[in-house]
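# Chains, contacts and geometry: an overview
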Amino acid sequence: MGEGRLKDIKETASDTVEILRQLGTPGVQETLDKAKSIAVTVKDVMEIMKSPEWVQNIDNIRRIVDTMNESSIRMDNTLKQLKESGMIDETKQLVKSARSATDSFGRQEGGIKSQDLRDMGVSLKEMLQSIKLLADELTTVAMESKRSGALQELSQTGQNIASTYNTVKHDVR
């Protein structure tokens, strides 16, 4: 053997001794213990993920993602069809026309202004609220008269008023 070869073996042995000495230090031992603990935890998690419950959960998640993808595709297709049919543009035009018509009410001499329409809506709501209160009051009176044996027709009147209120309310909407 040559001197160079012996020198290499000597250096390798020296390096090996240094590595073994370093492995024995508390810091390295602590790090190795943490790595071992992590490996055990990962192994436990992998075993848990093999359980039927986890397999079912993962399958359910896959189904949910598939369903969301399908829904997204359907929504994209629907939007594309709406655009192609011109319905979106027609709706935009309808809204513009409605705004224009509402605004034109105020331009005509003696015509209805948009503020007048809003005021009329508020007044109509107030009227409906008053009718509801009246119906409630008449129903209360009817219940009292029923208990006391007085006029049965009052109950029918209250029901008629309530029915009228519901009809007017439905027609307003």
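Residues numbered from 1 in each chain as written. Predicted model: local features only at pLDDT ≥ 70, side-chain atom pairs only at ≥ 80, totals over all residues. Heavy atoms only, no water.

### Some remarks on the overall build of the protein chain
- Along its length, the protein chain carries six helices and zero strands.
- Of the regular secondary structure in the protein chain, the N- to C-terminal order runs α-α-α-α-α-α.
- Taken across its 173 residues, the protein chain has 5% of its residues classed as buried.
- Pairs at least 24 apart in sequence give 29% of the contacts found in the protein chain among residues at least 6 apart.
- With an accessible surface of roughly 14800 Å², the protein chain has 59% of that area assigned to carbon and sulfur atoms. (Helix = DSSP H or I, 4+ residues; strand = E, 2+ residues; numbered from the N terminus. Buried < 20%, exposed > 50% of the residue type's maximum accessible area, 1.4 Å probe, protein only. Contact = heavy atoms within 4.5 Å. Areas by Shrake-Rupley, 256 points an atom, 1.4 Å probe, with all protein chains shown as cover.)

### Description of a nonpolar patch on the surface
- A surface patch of nonpolar side chains, about 430 Å² in accessible area, is lined by Val45, Ile48, Met49, Trp54 and Ile58.
- With respect to the secondary-structure elements, Trp54 resides in helix H3 (residues 52-85). (Patch = residues over 30% accessible without salt bridge, like charges linked within 9 Å, V, L, I, M, F, W, Y side chains within 5 Å. Salt bridge = Lys/Arg side-chain N within 4 Å of Asp/Glu carboxyl O.)

### Observations regarding the confidence of the model for the protein chain
- Mean pLDDT over the protein chain stands at 76; residues scoring 70 or higher make up 74%.
- Helix H2 (residues 26-49) holds the highest mean pLDDT among the elements of the protein chain, 89, whereas helix H6 (residues 153-172) holds the lowest, 64. (pLDDT = per-residue confidence, 0-100.)

### Comments concerning the pattern of salt bridges
- If you walk through the whole model with that rule in mind, you get seven salt bridges.
- The shortest N-O distance in the salt bridge between Asp59 and Arg63 comes to 2.9 Å. Remark: Arg63 and Asp59 occur in helix H3; sequence separation between them is four residues, near one turn of the helix.
- A salt bridge links Glu70 to Arg74, with the nearest nitrogen and oxygen atoms 3.6 Å apart. Of this pair, Glu70 and Arg74 both sit in helix H3, four residues apart, which is roughly one turn of the helix.
- Residues joined in a network through salt bridges with shared partners are Asp59, Arg62, Arg63 and Asp66.

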